[in-house]
Amino acid sequence: MLWSRLFIPTLRENPAEAEVVSHQLLLRAGYIRQLGAGIYNYLYLAQRSILKIQGIVREEMDAIGAQEFLLPALNPAEVWQESGRWDIMGDNMFRLKDRFGRPLCLGMTHEEVMTSIARGELRSYKQLPQIWYQIQTKFRDEPRPKSGLLRVRQFIMKDSYSFDLAQEGLDAAYEKHRLAYCKIFDRCGLEYVAVEAHSGAMGGSQSQEFMVATNAGEDYVVTCKATGYAANLEKAVSRPVPPAAPDPAGDLSPKEVHTPGQKSIDEVAAFLKVPQTSLIKSLVLVADGKPFLAVLRGDHQLSETKFQTAAGCTEFRPALPEEMRQWLGADAGSLGPIGITNMKVLVDAALEGRRNMISGANKDDYHLLNVTPGEDFAAEYHDLRQVAEGDTELESGLPLETKKTVEIGHIFKLGYKYSKSMGLNVLDQNGVEQPVIMGSYGIGIERVLCAAVELYSDANGMSLPVSIAPFEVVVTPVKAADATLRQAGEDIYNALKKAGIDAILDDRDMSPGVKFKDADLIGIPYRVTVGKKLVEGKVEVSERRTKTMTEVPVTEVVAWLAEKIAAAKQS
RNA sequence: CGGGGCGUGGCUCAGCUUGGUAGAGCGCCUGGUUCGGGACCAGGAGGUCGGAGGUUCGAAUCCUCUCGCCCCGACCA
């Protein structure tokens, strides 16, 4: 490719609308242009990178025996109505009607369509297992698209689906995917962690997310360096920081104390001169229409996901002030678990074994001293709290770390959700109809690119891994007007191409500074500079990532680069 | 959906408070000189000031409505 003939619209300045690094650089480096909120044009460079990522994904999927399909992005409503997700997806689904008024939608994911294929064709256990995948554009009407390509309304996803007769088959398909994903992300040059993820209320038994740590991310993961523990914050468990003060000893009875105007945990703790860890926090929640009281240590925060699991609900909200008054007889700030009979009380496990704590009295401006969970009120213990700063690993007590991350892949044991709702059954060895057990596995293709940019960039631009950079090598004759340099550059370029190296020749009649800056900006891993040293029969090879420069004889440069590139793709 | 911000040549932005001939830098075109980290000289092209309506002799500027984009929150398989 001759740079002079390509459309690579680099910008000297950052476009005003870009906030996160990957967004800024993808725009500046001429990879993408925005068409609308959360809708992007992928220009030549982006498409080259994306094709390389897809190529790696294909190779690794094919390697586990997965078969590539291509399903419609445009879906009739019926299949989504059958699974029940036509309603569940709500406003996140793009919906439209055809000329006859028939409802359609743009696919957000393809469990339904895959299941509809399977149920028509899979009849016998002998046809199982199957793994089917596609690389397809997905549509989601995000309430707030943002961060460039990280949260968009239209994006490319590799999604695969496994079909098995029994749990062991699903386990095997899941494990194959887990290993394939590791290979894919390794080959894409990413640093990532696989974390335990929340599987949702709908029967999913196991799920893991592949996360890349970056400040541009929106998910939090908790990891322990020492033990390798890693989980999404939604699901992470930990050993809490011990209470800041010992509980008063003895078998004391609850005692009212006047706390005028003291509502927040902060205020009450200060007023009574005790640490927050001696207080009991009580939250009134309405889950699937039923009231619940969630009880936590004063300094702890409720994990919404854990509460949902404990309450067995699909949605919940905080109670309204009127509801609290009606049910508990006091306003928020004076609520507590004692004497509650009209709702279920869920207590966080961190309160187990504590004694003589302080809670609201269910009477405005009063709190109770000497409240002992399990004695003064019935306590059903659950893990309800979110991992907090300073918590340690549950088993080992070693330090935990919380990081902001972006999700690039997710593997998920679906179970029978779709096969049951949509009637996907096969006959087993005994001729008995059995529902098929399924798994679903996704990779966000653009997110792989974004994550790489976020991980590997500097003041000069991006510095992509060799395997996914739009080009592997740029050959830059310093002076285009110099016929000798130009010819030498062309020769090297042709030799690289012949050796199967993905090279580009920067034949533009520009000052060298511009060419160097552009090459750095778009992140080509190696640059061959053809200049002064040519009279000695040498060129200079610069490595983008390490900023190192090596003089290499012209006669050896192809072999030198071939070796480097092969090595870079290995690791 | 709530809160905030921004829409002026391709890009970054000034001008708006206090109405009076649309500007700068970068980029682009032509010619020339240059050529190892975003060169220089000379000449040139390019803008319905997001859109509609209103006030006014006169609107980028004031008023009303509207559309779009960004950020925070709500939301997020």
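Draft legend 1. Region of the structure containing the protein's contact with RNA strand B. Arg-12, Arg-140, Arg-151, Asp-520 and Glu-540 are the nearest of the 40 residues found near RNA strand B. The sugar and phosphate moieties of RNA strand B supply 47% of its atoms located within 4 Å of the protein. Interatomic distance of 3.3 Å between a side-chain N/O atom of Glu-13 and a base nitrogen of RNA strand B. Interatomic distance of 2.6 Å between a side-chain N/O atom of Arg-144 and a phosphate oxygen of RNA strand B. Elements that contribute at least two residues to the surface near RNA strand B include exactly strand E1 (32-36), helix H13 (512-522) and strand E29 (526-530). With eight residues, H13 is the single largest residue contributor to the surface near RNA strand B.

Draft legend 2. Expanded view of the domain arrangement of chain A. Here chain A is partitioned into domain 1 (11-236 + 402-453), domain 2 (255-382) and domain 3 (471-570). One C-alpha centre belongs to domain 2, the other to domain 3, and the line joining them spans 67 Å.

Draft legend 3. Highlighting the pairing of strand E8 (residues 154-164). With 10 of its 11 residues buried, E8 lies for the most part within the structure. Summarising the sheet, strand E7 (residues 130-139) and E8 pair through 10 bridges and their orientation is antiparallel. Bridged to Gln-136 within E8 is Met-157.

Draft legend 4. Main features of the side chain of Glu-407. With respect to the secondary-structure elements, Glu-407 resides in strand E21 (residues 401-415). Although Glu-407 lies buried, it forms no salt bridge, and the closest oppositely charged side chain, Arg-447, sits 4.6 Å away as judged by the N-O distance. A polar contact is formed between the side chain of Glu-407 and the side chain of His-410, at a distance of 3.3 Å. The contact partners of Glu-407, leaving out residues within four places of it in the chain, are Glu-209, Phe-210, Met-211, Asp-219 and Arg-447.

Draft legend 5. View of the sheet that holds strand E27 (residues 473-477). Read across the open sheet, the five strands follow the order E28-E27-E29-E30-E31; overall the sheet is mixed. Only two strands of the sheet have a single neighbouring strand rather than two, namely strand E28 (503-505) and strand E31 (548-553). Here the strands of the sheet are splayed against their neighbours by 25 degrees on average, with no regard to which way each runs. Sheet analysis places E29 next to strand E30 (residues 538-543), joined by four bridges and oriented antiparallel. Along E30, the bridge assignment pairs Val-528 with Val-541.

Draft legend 6. Representation of unusual backbone geometry. Between Leu-128 and Pro-129 the backbone carries a cis peptide bond, its omega angle lying at 0 degrees. Here Pro-129 shows up in the loop between helix H5 (111-121) and E7. Its identity is not glycine, yet Asn-362 carries a phi of approximately 60 degrees, on the positive side. Mapped onto the fold, Asn-362 is located in the loop between strand E18 (357-360) and strand E19 (366-371). A positive phi angle, near 60 degrees, is found at Lys-547, a position not held by glycine. If you trace the backbone, Lys-547 turns up in the loop between E30 and E31.

Draft legend 7. Just the packing of aromatic side chains, in detail. Across all of its chains, the model carries 10 aromatic pairs by this definition. Pairing Phe-185 with Tyr-192 gives two aromatic rings, centres 5.7 Å apart and planes at 65 degrees, and the pair type is edge-to-face. You can call Phe-185 buried: its relative accessible area is 0%. Taken together, the ring pairs in this structure connect Tyr-181, Phe-185, Tyr-192 and Phe-210 into an aromatic cluster. One residue, Lys-363, lies across the ring of Tyr-366, its end atom 4.3 Å from the ring centre. In this structure, Arg-508 packs its charged tip against the face of Trp-3, placed 4.2 Å from the ring centre.

Draft legend 8. Here's a closer look at the confidence of the model for chain A. Confidence in the prediction of chain A, expressed as mean pLDDT, is 93, and 99% of residues score 70 or more. Scored by ipTM, the complex comes to 0.94, with pTM at 0.94.

Draft legend 9. How the structure looks around the side chain of Ser-542. Take Ser-542: it is sitting in strand E30. Each residue touching Ser-542, except ones within four places of it in the same chain, is listed here: Pro-525, Tyr-526, Arg-527, Thr-529, Thr-548 and Met-549.

Draft legend 10. Fine view of the pairing of strand E24 (residues 437-444). Buried residues dominate E24, accounting for eight of its eight residues. Here E24 shows a buried face lined by Ile-437, Gly-439, Tyr-441 and Ile-443 and a second buried face lined by Met-438, Ser-440, Gly-442 and Gly-444. Relative to E24, E8 runs antiparallel, the two being bridged by eight bridges. Within the sheet, the bridge partner assigned to Ser-162 lies in E24 and is Gly-439. Alignment of E21 against E24, held across six bridges, turns out to be antiparallel.

Draft legend 11. Molecular detail of the sheet that holds strand E4 (residues 74-76). The strand order across the open sheet built from three strands is E4-E6-E5, with neighbouring strands paired in antiparallel fashion. Both edges of this open sheet fall to E4 and strand E5 (95-97), since each of them pairs with a single strand only. Taken over all neighbouring pairs, the strand axes of this sheet differ in orientation by 35 degrees on average, direction set aside. Summarising the sheet, E4 and strand E6 (residues 103-106) pair through three bridges and their orientation is antiparallel. Across the sheet, Asn-75 pairs through a bridge with Cys-105, a residue of E6.

Draft legend 12. Molecular detail of the environment of Lys-413. By secondary structure assignment, the location of Lys-413 is in strand E21. The class of Lys-413 is buried, set by a relative accessible area of 6%. Sequence spacing of Lys-413 and Ile-437 is 24 residues, and the spatial spacing of their C-alpha atoms is 8.6 Å. Within the local environment of Lys-413, its side chain forms a polar contact with the side chain of Asp-171, the two groups lying 2.7 Å apart.

Draft legend 13. Just the nonpolar core, in detail. In this structure, Leu-26, Tyr-31, Phe-185 and Leu-190 are the most contacted members of the largest nonpolar core, which totals 66 residues. When neighbours within four sequence positions are excluded, Phe-185 is seen to be in contact with Leu-190, Tyr-192, Phe-210, Ile-408, Gly-409, Ile-443 and Val-448. Counting residues in each nonpolar core, the second largest holds 22 residues, with Val-473, Leu-505, Leu-534 and Val-539 among its members.

Draft legend 14. Quick peek at the pattern of salt bridges. This structure, assessed with the given rule, holds 37 salt bridges. The partner of Asp-98 in a salt bridge is Arg-102, with the nearest N and O atoms 2.9 Å apart. The salt bridge partner of Glu-375 is Arg-355, with a shortest N-O separation of 2.9 Å. Of the two residues, Glu-375 is situated in the loop between E19 and strand E20 (380-382) and Arg-355 in the loop between strand E17 (344-348) and E18; the sequence distance between them amounts to 20 residues. Residues joined by salt bridges that share partners form a network here, namely Glu-142, Lys-146, Arg-151 and Glu-218.

What counts and what doesn't
Residues numbered from 1 in each chain as written. Chains lettered and ligands numbered in written order. Predicted model: local features only at pLDDT ≥ 70, side-chain atom pairs only at ≥ 80, totals over all residues. Heavy atoms only, no water. Near = heavy atom within 4 Å. Polar contact = N/O pair within 3.5 Å; in protein donor to acceptor, adjacent residues only side chain to side chain. Helix = DSSP H or I, 4+ residues; strand = E, 2+ residues; numbered from the N terminus. Domains from an automatic or database assignment. Buried < 20%, exposed > 50% of the residue type's maximum accessible area, 1.4 Å probe, protein only. Pairing = 2+ DSSP bridges. Lys, Arg positive; Asp, Glu negative; His and termini not counted. Salt bridge = Lys/Arg side-chain N within 4 Å of Asp/Glu carboxyl O. Contact = heavy atoms within 4.5 Å. Axes fitted to C-alpha atoms, helices over the stretch in contact; angles between N-to-C directions. Phe/Tyr/Trp six-rings, centres within 6.5 Å; stacked < 30°, edge-to-face > 60°. Lys NZ or Arg CZ within 6 Å of the ring centre and 35° of its normal. pLDDT = per-residue confidence, 0-100. Core = buried A, V, L, I, M, F, W, Y, C linked by side-chain atoms within 4.5 Å.

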